[in-house]
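# Inside the fold
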Amino acid sequence: MSPDQAAPTFSLDGEDLPFEPGDTVLGAAVRAGRYIPHLCWHAGFSPHGSCRICTVKVDGRMGAACTTQARAGAEVESNTEELNLQRKTLLQMLFVEGNHFCPSCEKSGNCLLQATAYQVGMEGPHFEEFYPDRPVDASHPDILLDFNRCILCELCVRASRDVDHKNVFAIGGHGIATHLLVNSESGRLGDTTIALEDRAASICPVGVILPKRRGFALPIGERRFDAKSVAEQAEPDA
Ligand code: SF4
Ligand code: FES
């Protein structure tokens, strides 16, 4: 495209949004500072398309904004009552499937799941809680793993494989039994080569992979999403 050629655009909730060739709807929206709710997408990684929180309507058809290519002239709807209600239901299912006790979670205020739930107006779990009992893995000297909060976004899997080149994490099982795995013979994190500096150690959008001995260093109330809602942050998952 020559410099004087205008970038192609699509409309997002009625407003024109420029995009670059190869952009997805979500990628273009985030670059332009426009918010489309999402959990498993991260700017630094290839899209995964699993959480479906980013579902939008493109010319009337539902699709995940993180995997749908931007197309000139397309009309994308995202911030509608219907789509936000659907997102709320998905979030409520995620909340009851794990143990997400925000007031006692070290990630509270920095958690993308919590921030997204606030954003779509989720006020309670609605469904019956599963209350899973998954043992915490405290075997690593610097990193704690609380499986009870995993939303199976696979960001740690992608970060460990593609950035750290260590393959520390994997997702196993099927359906309701799908779960996070640690790739070591013992299945314990302490028997892997993961280090606190690894990308996988800091990518978790919820409170599963946590650094030890840093709990509540910044008080709840002064954290990232306490200051500004997820919709007001240009890169909410950075
Ligand atoms: Fe996603 Fe965190 Fe679960 Fe990994 S541990 S799959 S980053 S929620
Ligand atoms: Fe698009 Fe998860 S952010 S499916």
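Structure report, in brief.

This part is about the environment of Asp146. Here Asp146 shows up in the loop between strand E6 (143-145) and helix H4 (155-163). What makes Asp146 buried here is its relative accessible area of 11%. Linking Asp146 and Asn99, residues 47 residues apart in sequence, is a C-alpha distance of 9.7 Å. Once residues within four sequence positions are removed from consideration, Asp146 is found in contact with Val136, Gly207 and Val208.

Looking now at the pairing of strand E7 (residues 169-172). In terms of strand pairing, E7 meets strand E8 (residues 179-182) through four bridges, oriented antiparallel. If you follow Gly172 over to E8, its bridge partner there is His179. Count of turn residues in the E7/E8 antiparallel hairpin: six residues, of which Gly173 carries a positive phi of about 80°.

Let's shift gears to the nonpolar core. Counting residues in each nonpolar core, the largest one holds 41 residues, and the members touching the most others are Leu39, Leu113 and Phe169. Mapped onto this core, the elements with two or more residues apiece are helix H2 (81-97), helix H3 (112-119), E6, H4 and E8. Grouped together as the second largest cluster of nonpolar side chains are 20 residues, Ala29, Val56, Ala65 and Ala74 included.

The next point concerns unusual backbone geometry. A positive phi is found at Arg213, a non-glycine position, where the angle reads about 65°. Residue placement: Arg213 occurs in the loop between strand E9 (209-211) and helix H5 (224-227). You will see that Phe216, though not glycine, has its phi angle at about 60°, which is positive. Mapped onto the secondary structure, Phe216 falls in the loop between E9 and H5.

What follows covers the sheet that holds strand E2 (residues 15-18). With respect to topology, five strands assemble into an open sheet ordered E2-E1-E5-E3-E4, the strand pairing being mixed. Both edges of this open sheet fall to E2 and strand E4 (61-64), since each of them pairs with a single strand only. Across the sheet, the mean angle from the axis of one strand to that of its neighbour is 35°, orientation sign disregarded. In terms of strand pairing, strand E3 (residues 55-58) meets E4 through four bridges, oriented antiparallel. Residue pairing in the sheet places Lys57 in a bridge with Met62 of E4. Here H2 sits on the sheet and contacts E3, E4 and strand E5 (75-77); the angle it forms with E3, its principal contact strand, is near 155°.

Parameters and conventions
Residues numbered from 1 in each chain as written. Chains lettered and ligands numbered in written order. Predicted model: local features only at pLDDT ≥ 70, side-chain atom pairs only at ≥ 80, totals over all residues. Heavy atoms only, no water. Helix = DSSP H or I, 4+ residues; strand = E, 2+ residues; numbered from the N terminus. Buried < 20%, exposed > 50% of the residue type's maximum accessible area, 1.4 Å probe, protein only. Contact = heavy atoms within 4.5 Å. Pairing = 2+ DSSP bridges. Core = buried A, V, L, I, M, F, W, Y, C linked by side-chain atoms within 4.5 Å. Axes fitted to C-alpha atoms, helices over the stretch in contact; angles between N-to-C directions.

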